[in-house]
Number of protein chains: 2
Amino acid sequence: MKLMISKHELNEAIQQVSKAASSRPTIPILGGIKIEVTHQGVTLTASDTDISIQSFIPVERDDIVNAHVDKPGNVVLPAKFFVEIVKKLPSDNVEIEVGAHFQTSIRSGSTDIQMVGLDPEEFPVLPSIEANELFQMPGDLLKSMIRQTVLAASTNEQTPILTGVLWGLHEQQLKFVATDRHRLASRTAHAETAMDYRFNNVVIAAKTLNELSKLIPEQNGLVDIVVADNQVLFKIGNVLFYTRMLDGTYPDTSKIIPQQFKTELVLDTKKVTDAIDRAYLMSREEKTNIVRLTTLEDGTIEISSSSTELGRVTEQLEPSQFTGDPLRIAFNSKYMLDVLKVIDSENISLGFNGAMSPIVIKPTDHAYNTYVILPYRTTG
Amino acid sequence: MKLMISKHELNEAIQQVSKAASSRPTIPILGGIKIEVTHQGVTLTASDTDISIQSFIPVERDDIVNAHVDKPGNVVLPAKFFVEIVKKLPSDNVEIEVGAHFQTSIRSGSTDIQMVGLDPEEFPVLPSIEANELFQMPGDLLKSMIRQTVLAASTNEQTPILTGVLWGLHEQQLKFVATDRHRLASRTAHAETAMDYRFNNVVIAAKTLNELSKLIPEQNGLVDIVVADNQVLFKIGNVLFYTRMLDGTYPDTSKIIPQQFKTELVLDTKKVTDAIDRAYLMSREEKTNIVRLTTLEDGTIEISSSSTELGRVTEQLEPSQFTGDPLRIAFNSKYMLDVLKVIDSENISLGFNGAMSPIVIKPTDHAYNTYVILPYRTTG
């Protein structure tokens, strides 16, 4: 293998794939980046077997030459050092040459690097996925669906299925749900698919979705999605992102979201966020994050928290709507803030069924999001 | 005590002083900010007894009213919560009122905070320093002298005196020196003082100087400095910064800087920094940070490092000057990078006396900095 390649193009592709390289590999090959060179271009792949990312650099793109291939071939290089050194090479031209026993020379300007390469035959084989059931989504919609649900996924590895986000598709309605049993987030969107195309119990780890989200560029473009047997493939431009689905059956959450409420409030999202944020600062001192919401007789709302050592924060809010019974309820303010920070609606509605029942939070501008938080059962 | 104060002014003063409040106070009062209100203005003070910072907000500045004082008085409030809550208050007007037992109300917009205040009589008394031996320095010069020396101070608390930077003044020449016994940094500057004003063995903790540096604004202004018996006072605008000197006698470093060299090189600062940075990436894998510098027969320089698992980095550099004996020397590349990153000169000179003797690094543009790094004694 021998080629000249643009440092800029190489660096960009390395940054894209390197997230899939294992940082503490059980075997060295999983901490590597595979480089495959053909006369068409250079393919970089990293894989920790749970996720795999592949990026392709064509020899030419838009009449700009990215690479000159002298001799095709394959090698695997240790990711950590390779990622950092390429960024710092002195010239935009990088020559890579692989000799006997995968000994690799990288030359750029007056820099000469000899790297111990690994045998590409030992590198994990990517899942083969047939693209007959492909559907497409705008990148920014996918990013926002991820951002609005991952917050409720569990971080406790003892219930692995709950560390994921559940995807379901039914009659062109795509739905993401996440819950850690204390709170739930759900987001729906219309998807341009065949009317009879459907899937359910597709569960993808929240941390994988966060990595995927970073690979989706800000400017709008379409992401191709293929849901296969136990793998999902995302295609973002020249980048392929493969992930394993989580094993197991996601619990049925459809019945835990109340539809009727004894008390309903509509509040300005920014004002209630700021008020709970201040109350949170005090509640944090007690390590409980307990904040209370109380409806007052004059129709206003009081948000409050207290700490025996520090004192007390009391906030007054005027709801634009207040129907139903008076209420006094306590909740985890951190959970509430997580929800309020991702809701993109000027106003929110809060639905309650007394101090012991789930709190339902929804945007008022649209019906795509539903959030549920279980209250604290406190005395007094 | 009762007053109305601008949130912006209050917040700025809190940010300035809060660094001196102890984050893990041995007694609660040391984790507090003292607020003293008179008809002239509001003084905030924090002190962990090693350093104390005081900031004054005049009731009026440049015809803008910052505060309305209804009733003078004093209180101490827990810093951590106070710092964060003031930043987040909803209105620019903040009312502070202290009642019985230092119970403090803070009101802003629809927010009402009750804080448990502490008795100001228990707060540490600031050192009284007479300002007869005051001298002045441009703030940016002081910042740069700090930045160019703290890197060589020790982080090992077992030799406390070496965790500081030594200050000396003699015949209008101010000198900072820091060393951890493996490397030394020194910086001199002309100071506008009386010709016979002098001091020596003034040692200030490097971490204190870093905090001081953050308080000095970017735009140029003068900093007043008063060196007293065991305290140094810095006056930066409305802010007073007091620090204790470190106890003990700083070792004499005057004899460890060689003046004659068997080999001398002049190199482009950016090129040598980049080359050593790449070699460092490889050396880091071995945890030793060992990089070698070798003079070649053709008058060029080779910088290299190697790792048994990863491979080898070799860099070629062309010195603009090379006099004396051929050389092969090994050093800690991290120490060298720390020096190269703070030298403000396009070229540097390196002086050597063989593989076992200290390396001296100096800028070529001026004579204000001298750095020394001890080499590694390696085999081969």
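Residues numbered from 1 in each chain as written. Chains lettered and ligands numbered in written order. Predicted model: local features only at pLDDT ≥ 70, side-chain atom pairs only at ≥ 80, totals over all residues. Heavy atoms only, no water.

A. Inspection of the overall build of chain A at higher detail. From N to C terminus, chain A includes six helices and 28 strands. When the backbone C-alpha atoms are referred to their principal axes, chain A occupies close to 80 × 55 × 40 Å. Of all 380 residues assigned to chain A, the portion counted as buried reaches 55%. Long-range pairs, those at least 24 residues apart, make up 65% of the contacts in chain A between residues at least 6 apart in sequence. (Helix = DSSP H or I, 4+ residues; strand = E, 2+ residues; numbered from the N terminus. Buried < 20%, exposed > 50% of the residue type's maximum accessible area, 1.4 Å probe, protein only. Contact = heavy atoms within 4.5 Å.)

B. Focus on the relation of the copies chain A and chain B. Placing chain A over chain B gives an RMSD of 0.0 Å and needs a rotation angle of 180°, together with 0.0 Å of translation along the axis. As the rotation angle and translation indicate, the two copies are arranged about a two-fold axis. Considering only C-alpha atoms, the residue of chain A closest to the rotation axis is A:Lys214, which sits at 16 Å. (Least-squares fit on C-alpha atoms with pLDDT ≥ 70 in both.)

C. Fine view of the UniProt feature "domain: DNA polymerase III beta sliding clamp N-terminal" (unreviewed entry) in chain A. In the UniProt entry, the feature "domain: DNA polymerase III beta sliding clamp N-terminal" (unreviewed entry) is given for residues 1–127 of chain A. For residues 1–127 of chain A, the helix share is 17%, the strand share is 46%, and the end-to-end C-alpha distance is 25 Å. (UniProt positions renumbered as here; feature names shortened; annotations may be inferred.)

D. Here's a closer look at the sheet that holds strand S17 (residues 222–227) of chain A. Residue and element names in this part refer to chain A. Within the open sheet, the eight strands sit side by side as S8-S2-S3-S4-S19-S18-S17-S12. Their pairing is antiparallel. The sheet is open, and its two edges are formed by strand S8 (73–78) and strand S12 (134–138), each paired on a single side. Averaged over all pairs of adjacent strands, the angle between strand axes in this sheet comes to 20°, irrespective of strand direction. Sitting on the sheet, helix H1 (residues 7–18) is in contact with strand S2 (32–37), strand S3 (41–47), strand S4 (51–58) and strand S19 (239–244), with an inclination near 165° to S4. Sitting on the sheet, helix H4 (residues 206–215) is in contact with S4, strand S18 (231–236) and S19, with an inclination near 175° to S19. (Pairing = 2+ DSSP bridges. Axes fitted to C-alpha atoms, helices over the stretch in contact; angles between N-to-C directions.)

E. Structural detail: the pattern of salt bridges. Following the criterion strictly, the structure yields 38 salt bridges over all chains and no others. Of the charged contacts in the structure, one is a salt bridge between B:Arg284 and A:Glu84, with a shortest N-O distance of 2.6 Å. Residue B:Arg284 is found in helix H5 (residues 269–285), and its partner A:Glu84 is found in helix H2 (residues 79–87); the two belong to separate chains. For B:Lys270, the salt bridge is made with B:Asp274, and the minimal N-O distance between the two is 2.5 Å. Pair noted here: B:Lys270 and B:Asp274 are both in helix H5, with a separation of four residues, about one helical turn. Salt bridges here are not isolated pairs; linked through shared partners, they connect A:Glu95, A:Glu97, A:Arg107 and A:Asp112. (Salt bridge = Lys/Arg side-chain N within 4 Å of Asp/Glu carboxyl O.)

F. Structural view of the packing of H5(B) against helix H6 (residues 333–340) of chain B. Residue and element names in this part refer to chain B. Here H5 crosses H6 at 150°, and the two axes come no closer than 9 Å. In terms of orientation, H5 and H6 fall into the roughly antiparallel class. In this structure, H5 crosses over H6, and the sense of that crossing is left-handed. Each of Thr269, Val272, Thr273, Ile276, Asp277, Tyr280 and Ser283 in H5 lies in contact with H6, whose residues at this interface are Ser333, Lys334, Met336, Leu337 and Leu340. The class makeup of the residues in the contact of H5 with H6 is six nonpolar, four polar and two charged. (Parallel < 35°, antiparallel > 145°, perpendicular 65-115°, else oblique. Left-handed = near helix turned anticlockwise from the far one by under 90°. Nonpolar A, V, L, I, M, F, W, Y, C, P; charged D, E, K, R; others polar.)

G. How the structure looks around the interface of chain A and chain B. Contacts between the two partners involve 30 residues from chain A, matched on the other side by 30 residues from chain B. Note on chain A versus chain B: buried area summed over both sides is about 2600 Å², and carbon and sulfur give 53% of it. Of all residues in chain A, A:Phe81, A:Arg278 and A:Leu310 bury the most surface against chain B, accounting for 23% of the area lost on that side. Viewed at the interface, chain B and chain A are joined by six salt bridges. A salt bridge links B:Glu285 to A:Lys80, with the nearest nitrogen and oxygen atoms 3.1 Å apart. For the pair chain A and chain B, the interface holds 20 residue pairs in polar contact (both at pLDDT 80 or more). (Buried area = accessible area lost by both parts, 1.4 Å probe. Polar contact = N/O pair within 3.5 Å; in protein donor to acceptor, adjacent residues only side chain to side chain.)

H. Inspection of helix H1 (residues 7–18) of chain B at higher detail. The end-to-end C-alpha distance of H1(B), which contains 12 residues, comes to 16 Å, matching closely the 16 Å that a straight helix rising 1.5 Å per residue would cover. Considered for burial, the residues of H1(B) that qualify are B:Lys7, B:Glu9, B:Leu10, B:Asn11, B:Ala13, B:Ile14, B:Val17 and B:Ser18. (Expected span 1.5 Å × (residues − 1).)

I. Structural view of the environment of A:Ala191. All names here are of chain A. With respect to the helices and strands, alanine 191 occurs in the loop between strand S15 (183–190) and strand S16 (199–205). With a relative accessible area of 2%, alanine 191 lands in the buried category. Placed 21 residues apart in sequence, alanine 191 and histidine 170 show a C-alpha to C-alpha distance of 9.4 Å. Residues within four places of alanine 191 in sequence aside, it is in contact with Leu169, Gln172 and Leu174.

J. Inspection of the packing of aromatic side chains at higher detail. All names here are of chain A. Counted by the stated rule, this structure contains 12 aromatic pairs over all chains. With centroids separated by 6.1 Å and ring planes inclined at 55°, the aromatic side chains of phenylalanine 135 and tyrosine 197 adopt a geometry described as tilted. Residue phenylalanine 135 is found in strand S12, and its partner tyrosine 197 is found in the loop between S15 and S16; the two are separated by 62 residues along the sequence. Of the residues examined, phenylalanine 135 reaches a relative accessible area of 2% and is grouped as buried. A residue is classified by how much of its surface remains accessible, and tyrosine 197, at 10% relative accessible area, is buried. Connected via pairs of aromatic rings, a cluster forms that spans Trp167, Phe176, Phe234 and Phe241. One residue, arginine 183, lies across the ring of tyrosine 335, its end atom 3.9 Å from the ring centre. (Phe/Tyr/Trp six-rings, centres within 6.5 Å; stacked < 30°, edge-to-face > 60°. Lys NZ or Arg CZ within 6 Å of the ring centre and 35° of its normal.)

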